[in-house]
Amino acid sequence: MLKLFRFLKPFTITILFILVFMFGQAMAELYLPTLMSDVVNNGMMNGDTRYILKYGAFMLMVALASSICSILGSLLSARAAVGFGRDLRDKVFTRVESYSLHEFDKIGTASLITRTTNDITQIQTVLVMMFRFLIYAPIMCIGGIIMALSKDKTLTILLAVVLPLLIVTICILAGIVVPYFKELQKKLDKLNLVLRESLIGIRVIRAFNRLEIEKRRFEDTNRDLTDTSIRVNKIMAAMQPIMMIFMNITTVAIIWFGGLRINENQMQIGDMMAFLQYAMQIMFSLIMVSMMYVMVPRAQASAVRINEVLDMEPEIIDPEQAQKPVKKRGYVEFKNVTFSYPGAEQPAISNITFAASPGETTAIIGGTGSGKSTLISLIARFYDVDSGSVLVDGKDVRELTQKDLRAKIGFVPQTAVLFSGTIAENIRYGKEDATDEEVRHAAEVAQASEFISGMKDGYNSVIAQGGTNISGGQKQRLSIARALVRRPEIYVFDDSFSALDFKTDARLRAALKKETDDATVIIIAQRVSTVMDADRIIVLDEGEVVGIGAHRALLKTCGVYREIVSSQLSEEEIA
Ligand code: ADP
Ligand code: MG
């Protein structure tokens, strides 16, 4: 947790003020019982009304000052803690944005969400307590003991018995509770995971009638979390009556022994009342500290999880001396590239060599799992190669900054991802400052303008979160339009025509051809009709290139290609 305190720096002045206010409150509260004992001893005992009024008014003022300090202290504590939370969330989010896909796989989306929300809230809560009690509690405890001693030394022996007992009890309870707190955080993660999965997969769950099973899975996780929470809260709940018993017994003892001493004229009534209050103050401060003692480990567990996010170095980083990107060309070359996913036994792709130049269309075809998506994700450097190199415009992608590299690429992923917002906003995602004309043109080329104008608000129609209110084919076309509006040097289509009917597919490719005249186009497709006219077809099989060439040549030389073709086209069409 200490490591996270570096983010408190902007709040140094606020924290100083908090400490001053809390110091003020503590001092005022320590002063009050003494004042009271004066009023009782000198005023009440002698029936001196003027004395009572004068010192009573003074007491009121001290009490008021203490309240004001307390209010200001709380206010500033809340501000500093919430501000800290905001900054930390910002840092975590920025860090996560810089992650490459490896890091996402490692921590997991659900856990990343809990870490950015709940874990940071935990720390925030503890911070508020820390600001308020860190200086207040020790002053109250030590100050209380000193003041109690000054009132009556003999009675203080009583405290010497009670306080150690109290401390031991607190330590035992905390020792039981703390491990549970750490567990809670993990269980919350699990709950988030289950919830996310079942919400995202709701259609599948319905379709397969798995509602009951999902419900049970959620209930199990939920109950697990609840049980642990209840167990923790039971122990915490036991804490309160135990503390009350301690306090009440102490009160009785003080009044008992104090009464005896007053009877022997060794003590004044006012002093006994003051002593009683000091004893309460000391015990309260100990309880506060014990609360911190319980809360801190929980926040500590959260802090560890947050630090994990902050400290994880993204595997893909920009080179220190990045090469300047060359202007507008779009030449892509793979030199003997081999890549395997972490933990995988076999490389996903191996020994890939090919080159694609501007004005050319390169198609990639192959069975599912043959490594097509993997291959193109290397162009945008979503992953780094094991060996060999991927060159864009003659430069290794690792020598360019990710920003420069990706600015060259218009990427259409296999599963179309849209963001909540209007259609125009989604297309503009590809180029922020695109004019309306550019957006319209991109949509036209992507064969999307027809269905867009059919919608109620045209380009301003709102797309629901995840794009659930439009069809798969419509989503694909919008994500194609998003790539087109960029006018990049390299177009990468990962099976982006799969949800289109043949007619739309053909029209789209015809329009694309004009649009991408001087660009490098890389298309992954399942349909032979989509790849047939490409300048170069790469046939992948189990991560290896089994054939490169034009359609006609491949028909003669490549068995795998011939198989794919004959499964889709009739004999006449092939001839
Ligand atoms: P294609 O796009 O040709 O269907 P992919 O390139 O998606 O195939 O996958 C190639 C291989 O890599 C598959 O065997 C798959 O199991 C594996 N793979 C794909 N993505 C990942 C990933 N994120 N982590 C680990 N293995 C993966
Ligand atoms: Mg794929």
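Residues numbered from 1 in each chain as written. Chains lettered and ligands numbered in written order. Predicted model: local features only at pLDDT ≥ 70, side-chain atom pairs only at ≥ 80, totals over all residues. Heavy atoms only, no water.

What follows concerns the pattern of salt bridges. The final tally for this structure, using the stated rule, is 23 salt bridges. The salt bridge involving lysine 408 is made with aspartate 393; its shortest N-O contact spans 2.6 Å. In this pair, lysine 408 sits in the loop between α10 (402-407) and β6 (409-412) while aspartate 393 sits in the loop between β4 (387-392) and β5 (395-396), placing the two residues 15 residues apart along the sequence. Here the two residues lysine 408 and aspartate 393 agree in accessibility, since each one is buried. Through salt bridges that share partners, Asp505, Arg509, Arg527 and Asp533 make up one connected network. (Salt bridge = Lys/Arg side-chain N within 4 Å of Asp/Glu carboxyl O. Helix = DSSP H or I, 4+ residues; strand = E, 2+ residues; numbered from the N terminus. Buried < 20%, exposed > 50% of the residue type's maximum accessible area, 1.4 Å probe, protein only.)

A few words on the site of ligand 1. Close to ligand 1 lie Tyr341, Ala348, Gly367, Thr368, Gly369, Ser370, Gly371, Lys372, Ser373, Thr374 and Tyr383. Residue tyrosine 341 places a side-chain N or O atom 3.3 Å away from a nitrogen atom belonging to ligand 1. For ligand 1, an oxygen atom lies 3.3 Å from a polar atom in the backbone of serine 370. When isolated, ligand 1 has an accessible area of 560 Å², and the protein chains bury 59% of it. Looking at the shell around ligand 1 residue by residue, the class counts come to three nonpolar, seven polar and one charged. (Near = heavy atom within 4 Å. Polar contact = N/O pair within 3.5 Å; in protein donor to acceptor, adjacent residues only side chain to side chain. Areas by Shrake-Rupley, 256 points an atom, 1.4 Å probe, with all protein chains shown as cover. Nonpolar A, V, L, I, M, F, W, Y, C, P; charged D, E, K, R; others polar.)

Attention now moves to the coordination of the magnesium ion (ligand 2). Taken together, Ser373 (OG) and Gln414 (OE1) make up the protein donors of the magnesium ion (ligand 2), found 2.0 to 2.3 Å from the metal. Placement of the pair is serine 373 in helix α9 (residues 372-379) and glutamine 414 in the loop between β6 and β7 (421-422), with a sequence separation of 41 residues. What makes serine 373 partly exposed here is its relative accessible area of 27%. (Donors = N, O, S within 2.8 Å, 3.2 Å for Na, K, Ca; no water.)

Here we come to helix α5 (residues 153-200). Along its 48 residues, α5 runs 69 Å from first to last C-alpha, staying within 8% of the 70 Å computed at 1.5 Å per residue. The axis of α5 is deflected most strongly, by about 25°, at glycine 175, and proline proline 179 appears within four residues downstream. (Expected span 1.5 Å × (residues − 1). Bend = angle between axes of the 7 residues up to and from the residue.)

Once that is clear, we can look at the pairing of strand β1 (residues 332-339). Most of β1 sits inside the fold, with six of its eight residues counted as buried. Two strands pair when backbone bridges link them, and β1 and strand β2 (residues 349-356) are joined in this way by five bridges, in the antiparallel orientation. Among the inter-strand pairings, valine 332 is bridged to a residue of β2, identified as alanine 356. Two strands pair when backbone bridges link them, and β1 and β4 are joined in this way by five bridges, in the antiparallel orientation. In the sheet register, valine 332 faces β4, and the bridge partner there is valine 392. (Pairing = 2+ DSSP bridges.)

What the six strands build is an open sheet, ordered β6-β9-β10-β3-β11-β12; its pairing is mixed. This sheet does not close on itself; its edge strands, each paired only once, are β6 and β12 (544-549). Averaged over all pairs of adjacent strands, the angle between their axes in this sheet comes to 15°, without regard to strand direction. Where strand β3 (residues 361-366) meets strand β11 (residues 536-541), five bridges bridge the pair, whose relative direction is parallel. What sits directly across from isoleucine 364, in β11, is isoleucine 538. (Axes fitted to C-alpha atoms, helices over the stretch in contact; angles between N-to-C directions.)

A sheet is described by the order of its strands in space; here four strands give the open sequence β2-β1-β4-β5, paired in antiparallel fashion. Edge positions in the open sheet fall to β2 and β5, since each of these has one partner strand only. Along the sheet face, α9 touches β1, β2 and β4 and points at about 120° away from the line of β1. (Contact = heavy atoms within 4.5 Å.)

Turning next to the environment of asparagine 336. By the secondary structure assignment, asparagine 336 is in strand β1. Given a relative accessible area of 43%, asparagine 336 falls into the partly exposed group. C-alpha separation for the pair asparagine 336 and threonine 353, spaced 17 residues apart in sequence, amounts to 4.9 Å. When near neighbours in sequence (up to four residues on either side) are disregarded, asparagine 336 contacts Asn351, Ile352, Thr353, Ser387 and Gly388.

Attention shifts here to a nonpolar patch on the surface. Taken together, the side chains of Leu64, Ile68, Leu72 and Leu75 make up a nonpolar region of the molecular surface, amounting to roughly 350 Å² of accessible area. Along the chain, the position of isoleucine 68 falls in helix α2 (residues 49-98). Note on isoleucine 68: relative accessible area 45%, which makes it partly exposed. (Patch = residues over 30% accessible without salt bridge, like charges linked within 9 Å, V, L, I, M, F, W, Y side chains within 5 Å.)

All right, on to the nonpolar core then. By size, the foremost hydrophobic cluster in this structure holds 81 residues, and its most contacted members are Leu4, Phe84 and Ile123. Of all the elements, helix α8 (residues 269-311) adds the most residues to this core, at 20 residues. Excluding anything up to four places from it in sequence, leucine 4 contacts Phe84, Leu88, Ile123, Ala303, Ile306, Asn307 and Leu310. Core analysis: the second largest hydrophobic core is formed by 49 residues, Ala434, Tyr459, Ala511 and Leu555 among them. (Core = buried A, V, L, I, M, F, W, Y, C linked by side-chain atoms within 4.5 Å.)

Tallied over the full model, the rule gives 12 aromatic pairs. Seen in terms of ring centroids, tyrosine 99 and phenylalanine 104 are 6.0 Å apart; in terms of plane orientation they differ by 85°. Their pairing is edge-to-face. Since its relative accessible area comes to 6%, tyrosine 99 is described here as buried. Given the relative accessible area of 30%, phenylalanine 104 is considered partly exposed. Judged by centre distance (5.5 Å) and plane angle (40°), the rings of phenylalanine 493 and phenylalanine 497 are tilted. Put simply, the rings of Phe339, Tyr341 and Tyr383 touch in pairs and so form one group of aromatic residues. (Phe/Tyr/Trp six-rings, centres within 6.5 Å; stacked < 30°, edge-to-face > 60°.)

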